[in-house]
Amino acid sequence: MKLSFHGAAGEVTGSCYLLETERARVLVDFGLYQGGPISEVRNRHLPPVDFASLDAVLLTHAHIDHSGRLPLLPRAEYRRPVYCTPATTDLCGIMLRDAAHLQEHDAERYGRKRQRRGKSAVAPLYTRADVEALLPSFVGVPYGEEREVAPGVRARFHDAGHILGSAIVELAVEERPHRKTLVFSGDLGNPETPILRDPAVLHEADVLVLESTYGDRNHRPQPETIEELAAIVQRAHHPAGKVLIPAFAVGRSQELIYHLGGLQREGRLDAAVYVDSPMAIATTELYRRHRESFDEEARELIDRGTMPLDFPSLHFSRTPEESRALNGVGDGTVIISASGMCTGGRILHHLKHNVWRPEVDVVIVGFQARGTPGRALVDGAKHIKVMGESLAVRAQVHTLGGFSAHAGQRQLVDWARNFSARKPRLFLTHGEPVARDALRAMLHEQLHMEAECPRRGQTVQL
Ligand code: ZN
């Protein structure tokens, strides 16, 4: 039995693992590399895997760094199912179609640039047609149900508490005379995240593949962050005030809706709240439909007749006209819009119309990569470049650090502690080297668990 690490080994994107036994070959995740031109090249360079002979593909969750290369499978002659939870199936319908649209758009823009220099056009990594060819092969398996996915390989999904549908994958693998249990954490959620259940507690594994995104850091407690948010929206409530929140469409936007709904029920938010992102709206509607994923608190709200992702002054701006109409609003109106790092989407036109006005608050609630307008705002830039225009930053910029969809260091160690009695063979993935090394040291110190840090392309015998 062997396991190969074909991505997210010493980095946080491109998740992809291959399990091989005498009788079966199973791929876990097939994500995009993200960030910079090198990623573009690496995404086009497929790992040395014979995709046509795979028995199954398992997907932990819909985030593009885990799912974003699945649309390459039909052209690689893979004809078997992609197993994931039913909510992940639905979410992939939204996210992979959006990813294909972006691939096509970027290829066209970049290709035109090349053609103007007398060079050849470029083909997109994949198209919307590739996504449509892939989606029928998705098979939804509810949490907790066991399913034979390949000869001698039974899979079960458990709550990962990260985004809607996210799963820890447990595999029971038989290779006579051996029987091994493999657990892939996927991205492990932050237990403080509302709406979704916390990561499931598992105890038994022979092999554990654990993410380490925040292996070197703990998050600020979320209640403090909610209080900061409450103070900002209350202060903004004057005739010219407006609160702009750039947010990831999946996960963060729904969290914000949940918390703002709570503030409104407590009488601490009078202003209207607009969600101005077609993808955030579609995702919120999916969250509302998948109540089976809700935690106890969200279920209690429903039992009391309150919808956790709805409140009277919440509005969805679906059309471009509805979006433009928000230019005229004030009274502390809150606008949640994508993209989360201000690199595209409708948030750009809100910044263009507002970031130079001192009555406006901009609230940063997520990670901002270097080189993005969002990062420039966090770093206190006096001017930012948006849609080709240099804008003076006179709005109040607030950075709220307590939201994260990932477990922090302490939470990762606590989750691993559940396995410490039997001490599985432990591999750390999905983290930058600094984060991964810090987690390895902490696991050694606190749990006497020795972790291996595989590099990309490495195969280990189990
Ligand atoms: Zn994720």
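Numbering of residues starts from 1 in each chain and follows the order in which that chain's sequence is written. Under the rules for a predicted model, residues below a pLDDT of 70 receive no local features and side-chain atom pairs below 80 are neither given nor counted, while totals for whole chains, interfaces and linings still include all residues. Side-chain numbers come from the whole structure's heavy atoms, not from hydrogens or water.

Caption draft 1: Structural detail: the overall build of the protein. Numbering of helices and strands runs from the N terminus; a helix is a DSSP stretch of H or I covering at least four residues, while a strand is a stretch of E covering at least two. Scanning the protein for helices and strands turns up 13 helices and 22 strands. Relative to the compact-globule value of 23 Å for 462 residues, the protein shows a C-alpha radius of gyration of 22 Å, a close match. Expressed along its principal axes, the backbone C-alpha trace of the protein runs to roughly 75 × 60 × 40 Å. We call a residue buried when its accessible area falls under 20% of the maximum for its residue type, exposed when it is over 50%, and partly exposed in between, using a 1.4 Å probe and counting protein chains only. For the protein, the residues scored as buried account for 58% of the 462 residues in total. Here the analysis covers contacts within the protein between residues at least 6 apart in sequence; of these, 75% occur between residues at least 24 apart. As used throughout, the charge tally considers Lys and Arg to be positive and Asp and Glu to be negative, leaving His and the chain termini uncounted. By convention, the point assigned to a charge is CZ for Arg, NZ for Lys, CD for Glu and CG for Asp. For the protein, the centre of its 56 positive side-chain charges and the centre of its 58 negative side-chain charges are spaced 6 Å apart. Here the globule rule is a power law, 2.2 Å times the number of residues to the power 0.38, and the radius of gyration is based on C-alpha atoms. Note on definitions: a residue-residue contact is assigned when non-hydrogen atoms from the two residues lie within 4.5 Å.

Caption draft 2: Unusual backbone geometry, seen in detail. Residue R176 is joined to P177 through a cis peptide bond whose omega torsion reads 5°. Of note, P177 is situated in the loop between β9 (167-175) and β10 (178-184). That bond from A338 to S339 is cis: its omega, 10°, falls within 30 degrees of zero. Mapped onto the elements, S339 comes out in the loop between β15 (333-337) and α10 (347-354). Although it is not a glycine, I195 sits at a positive phi angle of roughly 75°. Its place among the elements puts I195 in the loop between β10 and β11 (207-211). Take I195: its relative accessible area is 1%, and that puts it in the buried class. Despite not being glycine, H430 has its phi angle at roughly 50°, a positive value. Looking at the element boundaries, H430 is found in the loop between β20 (425-429) and α13 (433-447).

Caption draft 3: Highlighting the packing of helix α3 (residues 86-116) against helix α7 (residues 278-289). With axes taken as lines fitted to C-alpha atoms, and helix axes fitted only over the stretch in contact, angles between N-to-C directions fall between 0 and 180 degrees. Packing of α3 against α7 brings their axes to within 10 Å, and their N-to-C directions diverge by 170°. With respect to α7, the axis of α3 lies roughly antiparallel. Touching D90, L91, I94, M95 and D98 of α3 are M279, A282, T283, L286 and R289, all from α7. Residues of the contact of α3 with α7, tallied by class, amount to 6 nonpolar, 1 polar and 3 charged. We call two directions roughly parallel when the angle between them is under 35 degrees, roughly antiparallel when it is over 145, roughly perpendicular when it lies between 65 and 115, and oblique otherwise. The nonpolar class holds Ala, Val, Leu, Ile, Met, Phe, Trp, Tyr, Cys and Pro. Asp, Glu, Lys and Arg form the charged class, and all remaining residues, Gly among them, are polar.

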